[in-house]
Amino acid sequence: MKNFRKIFTTAIFFSIICAQIFGETRVSAERQKLIDYGLTLQGTPYVWGGKTPSTGLDCSGFVGYVAKQALEKNISGTAAMMYKSLEHISPEEREPGDLIFFAVKSGSTYNITHVGIYLGLYHGEGKLDGERIFLHSASDGKYTGVIVSSINDSYWEKHFYGYARFLPPTPIPEPNQEIQMKEDSPKSTVPVADKVSDAPSNIPGETTENVGTSAANLPTPGKLLSTEDLVTHNTDDM
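Parameters and conventions
- Residues numbered from 1 in each chain as written.
- Predicted model: local features only at pLDDT ≥ 70, side-chain atom pairs only at ≥ 80, totals over all residues.
- Heavy atoms only, no water.
- Helix = DSSP H or I, 4+ residues; strand = E, 2+ residues; numbered from the N terminus.
- Buried < 20%, exposed > 50% of the residue type's maximum accessible area, 1.4 Å probe, protein only.
- Contact = heavy atoms within 4.5 Å.
- Areas by Shrake-Rupley, 256 points an atom, 1.4 Å probe, with all protein chains shown as cover.
- pLDDT = per-residue confidence, 0-100.
- Phe/Tyr/Trp six-rings, centres within 6.5 Å; stacked < 30°, edge-to-face > 60°.
- Salt bridge = Lys/Arg side-chain N within 4 Å of Asp/Glu carboxyl O.
- Polar contact = N/O pair within 3.5 Å; in protein donor to acceptor, adjacent residues only side chain to side chain.
- Arc of directions from axis to C-beta.

### Side note on the overall build of the protein chain
Scanning the protein chain from N- to C-terminus turns up 5 helices and 11 strands. Classification of the 238 residues of the protein chain by burial places 47% in the buried group. Pairs at least 24 residues apart make up 66% of the contacts formed inside the protein chain by residues separated by at least 6 positions. Carbon and sulfur atoms form 54% of the exposed surface of the protein chain, whose accessible area is close to 12000 Å².

This is the structure:
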């Protein structure tokens, strides 16, 4: 029995070390549920004004539908109305499950025209590997409907406007919080990642709302992203 406890304790310690090396999913359960549900809608067609998957979804309809179905949260209106009604956050504060907004310029005014769900840093197949990505319903381009795109795609980078949240931030553990292992095992610390801003410039350009994304920004054709493909840390920049 003593040997079994020793092996069990060693296994737990090893798993904690691996979590520090490879990254541990620490996004809140509420945010994870939102992301899980949103990803199941990939491939739903885009329909202007669409509010349900059965008839199609536009960008704000998609976000509102996911929030309602996954979490019983009511977020309604256009992308601009959503941004106005929600708490605005900086790129340093973003985490998976927050909303990302894009705008176009009309004269000297920036009009918010698009919204999606920020997913964090992607590690997996295809050219999105290593990119920060978001889930949204695109209205035009080679790929339309509910898809995943990179925030560093030339169009989205140019038209990035800001982030907002409707869910509480994921609690962050105390820095260097010690985890006491059972029996006589060593102690291990799980550091809190620094938040690093690498968001594109907040200077939208002039174009229309109806822009999708290119094949170069999608995963391997036919592959749908799942939460198992994502790194969804509460700070997302580990």
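### Topic: the confidence of the model for the protein chain
Per-chain confidence: the protein chain averages 73 in pLDDT, with 63% of residues scoring 70 or above. Predicted confidence for residues 4-25 stays below pLDDT 50, and this span has 24 contacts to residues more than four positions away or in other chains.

### Examining the packing of aromatic side chains
The geometry of two aromatic rings is summed up by the distance between their centres and the angle between their planes. Under the definition given, this model contains 10 aromatic pairs. Relative to tyrosine 161, the ring of tyrosine 83 lies with its centre 5.3 Å away and its plane at 80°, an arrangement referred to as edge-to-face. In this pair, tyrosine 83 sits in helix α4 (residues 79-85) while tyrosine 161 sits in strand β8 (residues 160-165), placing the two residues 78 residues apart along the sequence. Taking the relative accessible area as the measure of exposure, tyrosine 161 reaches 23% and is therefore partly exposed. Here phenylalanine 102 and phenylalanine 160 contribute two aromatic rings whose centre-to-centre distance is 6.5 Å and whose plane-to-plane angle is 80°, an arrangement assigned as edge-to-face. On the criterion of sequence distance, the pair formed by phenylalanine 102 in strand β4 (residues 99-106) and phenylalanine 160 in strand β8 is long-range, its members being 58 residues apart.

### Description of the pattern of salt bridges
Considering all chains together, one arrives at 5 salt bridges under this definition. For aspartate 98, the salt bridge identified is with arginine 165, shortest N-O distance 3.6 Å. Within this pair, whereas aspartate 98 is found in the loop between β3 (87-89) and β4, its partner arginine 165 is found in strand β8, the two being separated by 67 residues in sequence. Like arginine 165, aspartate 98 is buried. Each of the salt bridges in this network shares a partner with another, and the network as a whole consists of Arg31, Glu95, Asp98 and Arg165.

### Examining the environment of threonine 44
By secondary structure assignment, the location of threonine 44 is in the loop between α2 (29-39) and β1 (51-52). Given the relative accessible area of 10%, threonine 44 is considered buried. Each C-alpha atom, one on threonine 44 and one on threonine 55, is 8.9 Å from the other, the two residues being 11 residues apart in sequence. Within the structure, the side chain of threonine 44 is placed 2.7 Å from the backbone oxygen of leucine 41, a separation counted as a polar contact.

### Some remarks on α2
Residues of α2 that are buried: Arg31, Gln32, Leu34, Ile35, Gly38 and Leu39. Along the axis of α2, the buried residues cluster in a sector spanning 160°; they form a single face.

### Concerning the environment of isoleucine 100
Its location among the elements puts isoleucine 100 in strand β4. Of the residues examined, isoleucine 100 reaches a relative accessible area of 0% and is grouped as buried. A C-alpha to C-alpha distance of 6.1 Å links isoleucine 100 and isoleucine 117, two positions 17 residues apart in sequence. Setting aside anything within four residues of it in sequence, one finds isoleucine 100 in contact with His114, Val115, Gly116, Tyr118, Phe134, Ile151, Phe160, Gly162 and Tyr163.

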